[in-house]
Amino acid sequence: MAASDSPSAALRRRDLCSRGIRLAGKMRSDVVDLLDTYVERQGLDASASVAAVEGVPVAAVERWDEQTGTQRLLENLAAYRAFRALLAQMLEEQREQLGEADAALGRALAAVLLQVSAFAYHLEELLQLESRGPPSEEGARPPPPPHLGLFERKLRGLGVLRELAQWAVRSVRDLRQLAKSSPGSSSAPSPAESP
């Protein structure tokens, strides 16, 4: 029996999926709150249309139901690694732009950045459990941000946060699918899983 098929591995996988679902749900809630604060503090219109932002992974996917669990995890990991770099850029830009004048926005951005980093680590754990280590981060960095004016940077930040909120929704869906397809995922524990 392969390590990823053992009862203890199945329990660990379900546990990691459950914790990941909670983490993604909390992250989405915090990103939505951050979006409200960001729009208000940046003087933007909440209904502003933002074109696709270079380097921002899109959560929408064609043929989602045809993807394997590993494909879903790899796409999620790549997205959250990109968001980690993008949020770090936003945080730096926000500090340069406002200094300590808007510490609350900076703290909220930093908190979401920590959640994104923790979630990326969580996905790496799941990939290791799938008997597939996470891909290296070499070359995974998004391109350096183009030299944008202040307004364009604000819109780029809005686009990043909106897409991150969508990814949090997709991650919950992906982890639920992964938990459902895991070996021994019936609601009744098998004799080997019982205490």
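Rules and cut-offs
Residues numbered from 1 in each chain as written. Predicted model: local features only at pLDDT ≥ 70, side-chain atom pairs only at ≥ 80, totals over all residues. Heavy atoms only, no water. Core = buried A, V, L, I, M, F, W, Y, C linked by side-chain atoms within 4.5 Å. Buried < 20%, exposed > 50% of the residue type's maximum accessible area, 1.4 Å probe, protein only. Helix = DSSP H or I, 4+ residues; strand = E, 2+ residues; numbered from the N terminus. Contact = heavy atoms within 4.5 Å. Expected span 1.5 Å × (residues − 1). Axes fitted to C-alpha atoms, helices over the stretch in contact; angles between N-to-C directions. Parallel < 35°, antiparallel > 145°, perpendicular 65-115°, else oblique. Left-handed = near helix turned anticlockwise from the far one by under 90°. Nonpolar A, V, L, I, M, F, W, Y, C, P; charged D, E, K, R; others polar. pLDDT = per-residue confidence, 0-100. Phe/Tyr/Trp six-rings, centres within 6.5 Å; stacked < 30°, edge-to-face > 60°.

1. Some details on the nonpolar core
Next, step 1: Judged by nonpolar contacts, the single largest core of 46 residues is most densely connected at Y80, F83, L87, V116, L158, L164 and L175.
Next, step 2: When contributions to this core are tallied by element, the ones reaching two or more residues are α1 (7-42), α2 (69-98), α3 (103-129) and α4 (150-181).
Next, step 3: Sort the elements by how many residues they give to this core and α4 lands first, with 12 residues.
Next, step 4: Sequence-distant contacts of L158, defined by excluding residues within four places in its chain, comprise L35, Y38, V39, L44, D45, A48 and V50.

2. Points about α3
Next, step 1: The end-to-end C-alpha distance of α3 is 39 Å, a good match for the 39 Å that 27 residues give at a rise of 1.5 Å each.
Next, step 2: Downstream of α3 by a residue or two, S131 has a phi angle that is positive, lying close to 65°.

3. Concerning the packing of α3 against α4
Next, step 1: Where α3 meets α4, the closest approach of the two axes is 13 Å, and the angle between their N-to-C directions is 25°. If you check the angle between α3 and α4, you find them roughly parallel. Here the hand of the crossing between α3 and α4 comes out left-handed. Facing α3, whose interface residues are V112, V116, F119 and L126, α4 presents L164, S171, L175 and L178.
Next, step 2: Taken together, the residues that form the contact of α3 with α4 break down as 7 nonpolar, 1 polar and no charged.

4. Digging into the confidence of the model for the protein chain
Next, step 1: The pLDDT averaged across the protein chain works out to 82; a share of 82% of its residues lies at or above 70.
Next, step 2: For residues 184-195, every residue scores under 50 in pLDDT, and the model assigns this stretch 10 contacts once sequence neighbours within four places are set aside.

5. A word on the environment of R81
Next, step 1: Among the secondary structure elements, R81 is positioned in helix α2.
Next, step 2: Put simply, R81 and S117 are 36 residues apart on the chain and 7.5 Å apart in space, counted from C-alpha to C-alpha.

6. Points about the packing of aromatic side chains
Next, step 1: Counted under the stated rule, the structure contains 3 aromatic pairs.
Next, step 2: Ring centres of Y80 and F83 lie 6.3 Å apart, and the angle between their planes is 55°; on these two criteria the pair is classed as tilted. In this pair, Y80 and F83 both sit in helix α2, 3 residues apart, roughly one turn of the helix.
Next, step 3: Among the residues examined, Y80 registers a relative accessible area of 0% and is labelled buried.
Next, step 4: Its relative accessible area of 0% is what places F83 among the buried residues.
Next, step 5: Ring geometry for Y80 and F119: centres 4.8 Å apart, planes at 65°, overall edge-to-face. You can see Y80 sitting in helix α2 and its partner F119 sitting in helix α3, a full 39 residues away along the chain.
Next, step 6: Site record: aromatic cluster; members linked through ring pairs are Y80, F83, F119 and W167.

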